[in-house]
Amino acid sequence: MTSLNDNYSLLAPGPVNLHPEVRKVLALPMIHHRTPEFDAILKRVLKGIKSVFQTEQDVYLLTSTGSGGMEALLVNVLSPGDKVIAIVSGKFGERWADMAKTFGAEVTIVNVPWGEAVKVSEVEELLKKNPDTRAVLCQACETSTAVAHPIQELASVVKKYSETLLLVDAITALGAYPLPMDAWGIDGLVAGSQKAFMLPTGMTFLALSQKAWKFVDQAKCPRYYFDLRKEKKANNSGETFYSSNVAIIRALDTVLGMIEKQGLQELFRIIHRRAEFTRTFGLKLGFGLYAKSPSDSVTALTVPSGMDGQKIRLHLEEAHAITIMGGQDQAKGKIIRVGHMGYIQDEEQVRLIECLGHTLRFFDPDFISLEHISNITDEARAWLRDNP
Ligand SMILES: *Cc1c(COP(=O)(O)O)cnc(C)c1O
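Residues numbered from 1 in each chain as written. Predicted model: local features only at pLDDT ≥ 70, side-chain atom pairs only at ≥ 80, totals over all residues. Heavy atoms only, no water.

As recorded in an unreviewed UniProt entry, the protein chain goes by Aspartate aminotransferase and comes from Bdellovibrio bacteriovorus. On record in UniProt, under Cofactor (unreviewed entry), the comment for the protein chain is "pyridoxal 5'-phosphate". Its UniProt record gives the protein chain the following Sequence similarities (unreviewed entry) comment, quoted word for word: "Belongs to the class-V pyridoxal-phosphate-dependent aminotransferase family." (UniProt positions renumbered as here; feature names shortened; annotations may be inferred.)

Dropping the structure here:
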């Protein structure tokens, strides 16, 4: 099995390689969630996670994938018929817009060409015409295109509208690069365990601003499992409302401890360095950059003409035990996506570049010579050494 290979690298934009300490914690014996031992962990986590959200507000931990967290943000502030502006620049933007429609919102879509970032002025124009808009939805990083959207600028526009909330899907952003919730004035922020939080799949973390909480009681969307009011009450008495996800919360405690020790800015710097590396050496190998405003958490590389990204992805996995992702929908076959979140060692990044070189050569021996691959690999190793 590929994953049992000692050299196996999971370099997808989530799920990601787990830190050895996290793997150890995940193997611990199960404990009950209504115990003093777990209560202490939960208390520490609920406090500690605020520093990653960079908020004074409470952060909620729900057992569901990230999409559940996206739904939770919507149903807790929206009522059927509410006006929503959804920025759609890829697969995840599409999903959130669909979700809002499913719950009866009147959704105006701001279509952004794949690979590009939203023009904030377009949203501003829409808000001017529709000041009664309840929410603007945007991905911080649209993982399907590896674009980072200008969240700070969006927030400064939305802030001017007292009835409008900025909800941000930061599932591949929060914990990977700066997104200070309070300082920027983000009203709803959602993260996912298997992406920037470096954990297994299965939990979502989210917070609402004070401005957003004002709409929670009046929101008329049906909600049961995702009713944050229940969770708030339970958290206030030191518990989660439903059974706690002991395994992941315990591992989250470990991750938060590591982030605290390392410093959030240092974590951002490390992820930025990985992104710079992939962009630099991806280009040297003959790939292009797909995103015009590239995110640090994931890089989308356009494949050389005549080559197929899906085949490159498969070959890399089968021949070299490295998992990256291809493109979806209109980007299918045209791009490969490399994740920079999680536990990644320098040597893994060098190996990725080297193996990508060999993969290009496998499909077209005339595209790149063995000598060129070897030179680029040496250069890559030197780059990491010179840019610690
Ligand atoms: C992965 C991802 C999601 C969906 O998360 P699931 O955990 O698969 O539900 C949503 N938004 C973005 C931007 C993502 O990268």
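From this point, the discussion proceeds with the structure in view.
Undergrad: Quick question: what am I supposed to make of the UniProt feature "domain: Aminotransferase class V" (unreviewed entry) in the protein chain here?
TA: Here, the residues flagged by UniProt with the feature "domain: Aminotransferase class V" (unreviewed entry) are residues 30-348. Secondary structure across residues 30-348 comprises 42% helix and 18% strand; the distance between its end C-alpha atoms is 32 Å. (Helix = DSSP H or I, 4+ residues; strand = E, 2+ residues; numbered from the N terminus.)

Undergrad: Got a minute to help me understand the pattern of salt bridges in this structure?
TA: In a structure, side chains of opposite charge can pair up when their charged atoms sit close to one another. What the rule picks out here adds up to 20 salt bridges. K160 is the partner of E124 in a salt bridge, and the nearest nitrogen-oxygen pair spans 3.3 Å. With E124 in helix α5 (residues 120-129) and K160 in the loop between α6 (151-158) and β8 (165-169), the pair connects residues that are 36 residues apart, well separated along the chain. Here R279 makes a salt bridge to E276, at a shortest N to O gap of 2.9 Å. Of this pair, R279 and E276 both sit in helix α11 (residues 264-285), three residues apart, which is roughly one turn of the helix. (Salt bridge = Lys/Arg side-chain N within 4 Å of Asp/Glu carboxyl O.)

Undergrad: Even after reading the chapter, I still don't get the nonpolar core, so can you show me in this structure?
TA: One broad trend across soluble globular proteins is that nonpolar side chains are buried collectively. F53, L61, I151, L179, F197 and F205 are the most contacted members of the largest nonpolar core, which has 74 residues in total. Discounting residues that sit within four places of it in the chain, L61 has contacts with L42, V45, L46, I49, M203, T204, F205, E231, I249 and L252. Residues L62, A72, V77 and A135 belong to the second largest nonpolar core, which totals 34 residues. (Core = buried A, V, L, I, M, F, W, Y, C linked by side-chain atoms within 4.5 Å. Buried < 20%, exposed > 50% of the residue type's maximum accessible area, 1.4 Å probe, protein only. Contact = heavy atoms within 4.5 Å.)

Undergrad: Help me understand the site of the ligand in this model?
TA: In the region of the ligand, 13 residues are neighbours, and T65, S67, T143, D169 and K195 sit closest. Residue Q194 places a side-chain N or O atom 2.9 Å away from an oxygen atom belonging to the ligand. Contact with the protein chains hides 90% of the accessible area of the ligand, taken as 380 Å² for the molecule alone. Counting residues per element, the ones that place at least two in the shell around the ligand are α3 (66-77) and α4 (91-102). Grouping the constituent residues of the shell around the ligand by class yields four nonpolar, six polar and three charged. (Near = heavy atom within 4 Å. Polar contact = N/O pair within 3.5 Å; in protein donor to acceptor, adjacent residues only side chain to side chain. Areas by Shrake-Rupley, 256 points an atom, 1.4 Å probe, with all protein chains shown as cover. Nonpolar A, V, L, I, M, F, W, Y, C, P; charged D, E, K, R; others polar.)

Undergrad: Explain the UniProt feature "binding site: substrate" (unreviewed entry) in the protein chain here, please?
TA: As annotated by UniProt and renumbered to match this structure, "binding site: substrate" (unreviewed entry) occupies R337. Classification of R337 by relative accessible area gives buried; the value is 5%. Those residues in contact with R337, other than ones at most four positions away along the chain, are L11, P13, T143, S144, V298, T299, A300, I324, M325, G326, G327 and Q328.

Undergrad: What is the right way to look at the packing of aromatic side chains in this model?
TA: Any pair of aromatic rings gets described here by the distance separating the centres and the angle formed by the planes. Counting across every chain of the model gives nine aromatic pairs. Between Y225 and F226, the ring centres sit 5.1 Å apart and the planes meet at 75°, which makes this aromatic pair edge-to-face. Judged by centre distance (5.0 Å) and plane angle (85°), the ring pair of F362 and F363 falls under edge-to-face. Put simply, the rings of Y225, F226, F241 and Y242 pair up and form one aromatic cluster. Geometry around Y224 places K230 over its ring, the cationic atom sitting 3.5 Å from the centre. (Phe/Tyr/Trp six-rings, centres within 6.5 Å; stacked < 30°, edge-to-face > 60°. Lys NZ or Arg CZ within 6 Å of the ring centre and 35° of its normal.)

Undergrad: What am I meant to see in the domain arrangement of the protein chain here?
TA: The parts lose accessible area when they come together, and the size of an interface is often stated as this lost area. Looking at the assigned domains, one finds that the protein chain contains domain 1 (9-16 + 264-386) and domain 2 (31-261). Its C-alpha centre places domain 1 at a distance of 29 Å from the equivalent point of domain 2. At the boundary of domain 1 with domain 2, total buried surface from both sides reaches about 2200 Å², with 63% on carbon and sulfur atoms. The tally of links between domain 1 and domain 2 comes to two salt bridges. In this structure, K91 and D329 form a salt bridge, with 3.2 Å as the shortest nitrogen-oxygen distance. For the pair domain 1 and domain 2, the number of links is seven residue pairs in polar contact (both at pLDDT 80 or more). The element best represented in the side of domain 1 that touches domain 2 is α11, accounting for five residues. (Domains from an automatic or database assignment. Buried area = accessible area lost by both parts, 1.4 Å probe.)

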